[in-house]
Amino acid sequence: MTSTTRLPSQSADFPAWYGEVVRQAGLAESSAVRGAMVIKPYGYAIWEAIQRELDARIKATGHENFYFPLFVPASVLSREGRLIEGFAPEVAVVTEAGGKTLSEPLVVRPTSEALIWSTYARWIQSYRDLPLLYNQWGNAVRWEMRPRILLRTSEFLWQEGHTAHATREDAAAYARQIHFDVYLAFLRDVLGLHVFVGAKTAMERFAGAINTMTCEAMMRDGKALQMATSHELGQNFARAFDIEYTDAEGERQLCWTTSWGSSTRMVGGLIMAHGDDAGLRVPPAIAPIQTVVVAVKDDDETLAAVERAEGALRDAGVRVRVDRDASTGLGRRLTEWDLKGVPVRVEIGPRDLKEGVVTVVRRDSGEKAAVPVDGVAAAVAEALEAAQRGLAEESRARTEAHTRDVATVEEAIEVAADGFARLPWSACGPDGERRLNEHAVSIRCLQTADGGVPGDPEAGDLVAIAGRAY
RNA sequence: CGGGGAGUGGCGCAGUCUGGUAGCGCACCCGGCUGGGGGCCGGGCGGUCGCAGGUUCAAAUCCUGUCUCCCCGACCA
């Protein structure tokens with residue numbers, strides 16, 4: 001049961017707005033465990049939809065899924081110096097189990113890297129075993145200082161992919177394929193988010209990676225959120241975990257590996273980027289409920305019409321839900337569907353039926369249309385498509401409107417107040433990056449002049465995308 | 001660890017400066033009217049004011065101590 005009635009539009013700052021929507025739409029709540037969360041049924045339905053869509057795309061690139069243990073022996077995690085260094089401050093450690101103090105502490109995985117690489121070392125013998133392509137859906141724990149529900153919780157759900165290859169070129173090509181064909185395509189085509197793809201600077205790179213590619217999206221308040229990353233790990237992890245193979249000439253070689261991941265943070269990003277003052281706006285492509293048919297009254301004629309509309313929509317393959325609970329006030333019911341971000345609503349009541357129509361309303365634009373009773377399925381299909389396009393277009397337009405070209409670090413700091421700055425990397429460099437950081441601005445990624453991912457993150461003539469980040 | 005703030009019915013808060021019978025909104029229960037965007041009217045249930053001690057005729061309010069939580073910064077998928 002919710003208790004407050006404070007509406008999102010009444011809160012001044014955006015994060016508060018965000019928390020209200022998360023709570024009122026029934027997505028998640030804080031857990032009894034510090035910094036963790038309970039994902040409520042509707043929030044989980046969105047995550048399931050994301051999983052389904054993303055998993056299909058991952059598998060299409062030739063991967064299968066597997067599952068590794070939650071606990072990692074501390075000695076295994078520390079085999080790659082940078083890995084343990086990168087995560088040491090935020091790992092949770094189990095020192096006691098079965099009523100005894102453990103002879104070796106177990107780390108609750110902040111990532112499965114270490115365990116998976118040490119296993120790959122046994123699985124890989126020959127060049128015939130390569131490439132090795134697996135993905136895992138699971139959870140991870142990072143004891144962050146400042147948790148934010150769905151954006152940075154101490155436990156989060158994610159997928160992490162790990163691949164091993166014979167050559168650097170093959171590994172690089174795979175990382176790119178995942179980054180573009182899986183992450184970029186998913187974020188753009190399914191979530192309707194305009195994202196910047198690029199490489200992380202040395203400072204922002206994943207510990208142990210030689211190249212980290214990222215998808216950065218701009219939230220409604222102009223701040224950045226990293227939506228997914230793909231790493232080329234070079235031979236660093238192969239060396240630390242002895243991942244070797246014998247090539248066709250009989251020579252022992254070190255593998256080249258990649259890893260990549262995305263998490264429940266995407267649900268948070270979806271809200272922060274598409275949400276408005278009335279709640280969520282979920283793109284039809286992943287909306288657990290695409291259309292809700294609302295019975296304005298519960299007289300027999302209305303209920304019969306609602307039933308027919310539901311049938312027609314179901315037959316058309318629409319994920320439809322019916323709301324015929326007239327004992328609850330209409331305004332209250334409509335508000336609830338708005339908060340959940342159901343993309344299209346069909347209202348049916350005596351007033352409509354007298355005219356032989358039903359009312360089709362789009363959540364993204366608020367557009368209302370009276371359509372003939374027999375035309376519901378077609379009208380809804382059209383509205384769903386328009387809503388998907390509309391949200392994507394809004395995201396693109398807003399992002400572009402808040403992205404400006406600048407020439408100096410000082411200008412970048414100013415522009416980052418409410419958006420992104422495109423700054424020549426040559427005018428910034430690691431020193432400029434540090435100056436940006438002092439003003440809570442970071443370089444989200446480095447791009448080529450035409451907005452692509454640089455083949456070499458150390459190349460000249462790159463453009464830095466700078467902004468404040470969550 | 002540094003800097004701020006808050007603990008009062010289930011939830012959100014006012015009251016504290018200036019001590020005097022603990023209040024409001026939401027939720028909940030009952031009755032009625034309503035019903036095309038969180039509806040209206042009336043009636044109810046519910047709180048040892050974080051904890052401990054002190055001052056006082058009298059403490060949510062003043063004093064001392066203590067506990068807890070939140071926000072900002074350093075961390076970050």
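Scroll up to find the structure this text is about.
Residues numbered from 1 in each chain as written. Chains lettered and ligands numbered in written order. Predicted model: local features only at pLDDT ≥ 70, side-chain atom pairs only at ≥ 80, totals over all residues. Heavy atoms only, no water.

## Focus on the overall build of chain A
1) Next: Within chain A, the regular secondary structure consists of 14 helices and 23 strands.
2) Next: For 470 residues, the compact-globule estimate of 2.2 N^0.38 gives 23 Å, and the C-alpha radius of gyration of chain A, at 25 Å, lies within 12% of that figure.
3) Next: In chain A, which comprises 470 residues, the proportion classed as buried is 54%.
4) Next: The long-range fraction of contacts in chain A, counting pairs at least 24 apart against all pairs at least 6 apart in sequence, stands at 67%.
5) Next: Counting only carbon and sulfur atoms, one obtains 50% of the accessible surface of chain A, whose full area is about 20100 Å².
6) Next: Side-chain charges in chain A split into 52 positive and 66 negative, and the spacing between the mean points of these groups amounts to 4 Å. (Helix = DSSP H or I, 4+ residues; strand = E, 2+ residues; numbered from the N terminus. Rg over C-alpha atoms; globule rule 2.2 N^0.38 Å. Buried < 20%, exposed > 50% of the residue type's maximum accessible area, 1.4 Å probe, protein only. Contact = heavy atoms within 4.5 Å. Areas by Shrake-Rupley, 256 points an atom, 1.4 Å probe, with all protein chains shown as cover. Lys, Arg positive; Asp, Glu negative; His and termini not counted. Charge placed at Lys NZ, Arg CZ, Asp CG, Glu CD.)

## Quick word on the pattern of salt bridges
1) Next: Under the definition given, this model contains 28 salt bridges.
2) Next: A salt bridge links Asp364 to Arg362, with the shortest nitrogen-to-oxygen separation between them at 2.7 Å.
3) Next: A residue is classified by how much of its surface remains accessible, and Asp364, at 10% relative accessible area, is buried.
4) Next: Note that Glu393 is salt-bridged to Arg396, the shortest N-O span being 2.8 Å. (Salt bridge = Lys/Arg side-chain N within 4 Å of Asp/Glu carboxyl O.)

## Side note on the packing of helix H2 (residues 41–60) against helix H8 (residues 265–274)
1) Next: Here H2 crosses H8 at 110°, and the two axes come no closer than 10 Å. Between H2 and H8, the crossing angle belongs to the class labelled roughly perpendicular. Between H2, through Ile46, Trp47, Ile50 and Leu54, and H8, the contact on the second element is made entirely by Met266, Val267 and Leu270.
2) Next: Counted by class, the contact of H2 with H8 contains seven nonpolar, no polar and no charged residues. (Axes fitted to C-alpha atoms, helices over the stretch in contact; angles between N-to-C directions. Parallel < 35°, antiparallel > 145°, perpendicular 65-115°, else oblique. Nonpolar A, V, L, I, M, F, W, Y, C, P; charged D, E, K, R; others polar.)

## What to know about the sheet that holds strand S15 (residues 291–295)
1) Next: Overall, mixed pairing links the five strands, which are arranged S16-S15-S17-S18-S19 in an open sheet. In this open sheet, the two strands that pair with only one neighbour each are strand S16 (320–323) and strand S19 (368–372). Averaged over all adjacent pairs, the angle separating strand axes in this sheet is 25°, with direction ignored.
2) Next: Sheet topology places S15 next to strand S17 (residues 344–348); five bridges connect them, and they run parallel. Of the residues in S17, the one forming a bridge with Val292 is Arg345.
3) Next: Along the sheet face, helix H9 (residues 300–315) touches S15, S16 and S17 and points at about 170° away from the line of S15.
4) Next: Strands S15, S17, strand S18 (357–362) and S19 of the sheet are contacted by helix H12 (residues 376–401), whose axis makes an angle of about 10° with S18. (Pairing = 2+ DSSP bridges.)

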